[in-house]
Amino acid sequence: MRPYIVANWKMHGLMADINEVMAIDNAAAKFDHVDVGIGLPATLIHTASEQVKNSEIGAQDCHQAEQGAHTGCLSAAMLSEAGAAFSIIGHSERRADHAETSRLIAQKALTLQNASMGAILCIGEDLATRQSGAALDFVAGQLVESLALADDTSLSLERLTIAYEPIWAIGTGRVPALTDIAAMHSKLRDQLVASFGPAGDAIRILYGGSVKASNAKDILALENVNGALVGGASLKAESFAPIIAAA
Ligand code: 13P
């Protein structure tokens, strides 16, 4: 399975930062065996996608409907036309800030599939759930609910990626124990195979939450960790390129 290293720029980046996107794209050129994605603010997607050669540009969210009266929202077709090859969906910041439910996110996953775009579906537990010992079942449940509408043909699953991001590890510098990451990814792999059969074995599962150059190698070496979704350390090529190299 090819490793997949994805930047999530969140609400960062102005046109002046296209230079940094290009520096990341240049770094990606050195690692042929790694797929690199850059999730940008929608305002940068078109400009960036016209220039990159070694990476794919993506969005960070997408509306579940094909079109309609949804002020301020962007459809999969709009993002695709602008140059996005994929979209992140269900990030915990959207679940929290915009009250997005797994049921809604399942519709977004379907919409992206229908638009032939990649979907990076984010799931993950909060600290209280982790401390209560219920994280494995909670996150597996989120996975099932968030994919309830996904087509179970191998063709439409090809562009689906899962990102396990424990909420308490995002932007905090805290990372779960390697054994806990491995246990979660193994649980998610089992769930994907239970849901989709052998096709579930080919779906990449990324880890996200305080990934940086110093911990990337150990995390990426774990079984069933097929890449990383990176926030803070992805904003500069200087800190992101070593994570691509670690893969
Ligand atoms: P950090 O890498 O900044 O912890 O963010 C992770 C994340 O939310 C990526 O989607």
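Refer to the structure presented above.
This section reports on the structure supplied with the text. (Residues numbered from 1 in each chain as written. Predicted model: local features only at pLDDT ≥ 70, side-chain atom pairs only at ≥ 80, totals over all residues. Heavy atoms only, no water.)

### Observations concerning the site of the ligand
- The local shell around the ligand holds 13 residues, among which Lys10, His91, Gly171, Ser210 and Gly232 are the closest.
- With respect to the ligand, the side chain of Asn8 contributes an N or O atom lying 3.0 Å from an oxygen atom.
- Gly171 places a polar main-chain atom, nitrogen or oxygen, 2.6 Å from an oxygen atom of the ligand.
- The fraction of the free accessible surface of the ligand (310 Å²) that becomes covered by protein chains is 95%.
- Across the shell around the ligand, the residue classes break down as four nonpolar, seven polar and two charged. (Near = heavy atom within 4 Å. Polar contact = N/O pair within 3.5 Å; in protein donor to acceptor, adjacent residues only side chain to side chain. Areas by Shrake-Rupley, 256 points an atom, 1.4 Å probe, with all protein chains shown as cover. Nonpolar A, V, L, I, M, F, W, Y, C, P; charged D, E, K, R; others polar.)

### Structural notes on the nonpolar core
- Counting 63 residues, the largest nonpolar core has Leu40, Leu147, Ile162 and Phe240 as the members making the most contacts within it.
- Excluding anything up to four places from it in sequence, Phe240 contacts Ile5, Val6, Ala7, Ile24, Val36, Val230, Ala233 and Ser234.
- Judged by nonpolar contacts, the second largest core, of 10 residues, contains Phe86, Ile88, Ala163 and Leu206. (Core = buried A, V, L, I, M, F, W, Y, C linked by side-chain atoms within 4.5 Å. Buried < 20%, exposed > 50% of the residue type's maximum accessible area, 1.4 Å probe, protein only. Contact = heavy atoms within 4.5 Å.)

### A few points about the sheet that holds strand β1 (residues 4-8)
- With parallel pairing, eight strands are arranged side by side around a closed barrel as β1-β2-β3-β4-β5-β6-β7-β8. Averaged over all neighbouring strand pairs, the angle between strand axes comes to 25 degrees, with direction disregarded.
- With two bridges connecting them, strand β7 (residues 204-208) and strand β8 (residues 227-230) associate as parallel partners. The partner of Tyr207 across the bridge, within β8, is Ala228.
- Here helix α5 (residues 102-114) sits on the sheet in contact with β4 (86-89) and β5 (118-123), set at roughly 175 degrees to β4.
- Contacting β5, β6 (160-164) and β7, helix α9 (residues 178-196) crosses the sheet at an angle of about 150 degrees to β7. (Pairing = 2+ DSSP bridges. Helix = DSSP H or I, 4+ residues; strand = E, 2+ residues; numbered from the N terminus. Axes fitted to C-alpha atoms, helices over the stretch in contact; angles between N-to-C directions.)

### Let's talk about the environment of Ser234
- By the element assignment, Ser234 lies in the loop between β8 and α11 (237-246).
- For Ser234 and Gln131, which are 103 residues apart along the polypeptide, the C-alpha to C-alpha distance reads 29 Å.
- Ignoring any residue separated from it by four or fewer positions in sequence, one finds Ser234 in contact with Ala7, Asn8, Trp9, Ile24 and Phe240.
- A polar contact is formed between the side chain of Ser234 and the backbone oxygen of Val230, at a distance of 3.1 Å.

### Digging into helix α10 (residues 213-220)
- Here α10 has its buried residues at Asn215, Ala216, Ile219 and Leu220. Viewed end-on, α10 has its buried residues packed into an arc of 125 degrees, placing them on one side of the element. For α10, the exposed residues lying more than 90 degrees away from the buried face are Ser214 and Lys217.
- Buried residues in α10 make contact with β1, α9, β7, β8 and α11. (Arc of directions from axis to C-beta.)

### Digging into the packing of helix α7 (residues 135-146) against α9
- At a closest axis distance of 10 Å, the pairing of α7 and α9 adopts a crossing angle of 40 degrees. Relative to α9, the crossing made by α7 is right-handed. Contacts between α7 and α9 involve Ala135, Leu136, Asp137, Val139, Ala140, Leu143 and Val144 from the former and Ala183, Met184, Lys187, Leu188, Gln191 and Leu192 from the latter.
- Across the contact of α7 with α9, the residue classes tally to 10 nonpolar, one polar and two charged. (Left-handed = near helix turned anticlockwise from the far one by under 90°.)

### A closer look at the state of the cysteines
- What the rule picks out here adds up to zero disulfides.
- The closest cysteine sulfur to the non-disulfide-bonded Cys73 is located on Cys62, 9.7 Å from its own sulfur.
- Given a relative accessible area of 38%, Cys73 falls into the partly exposed group. (Disulfide = S-S within 2.5 Å.)

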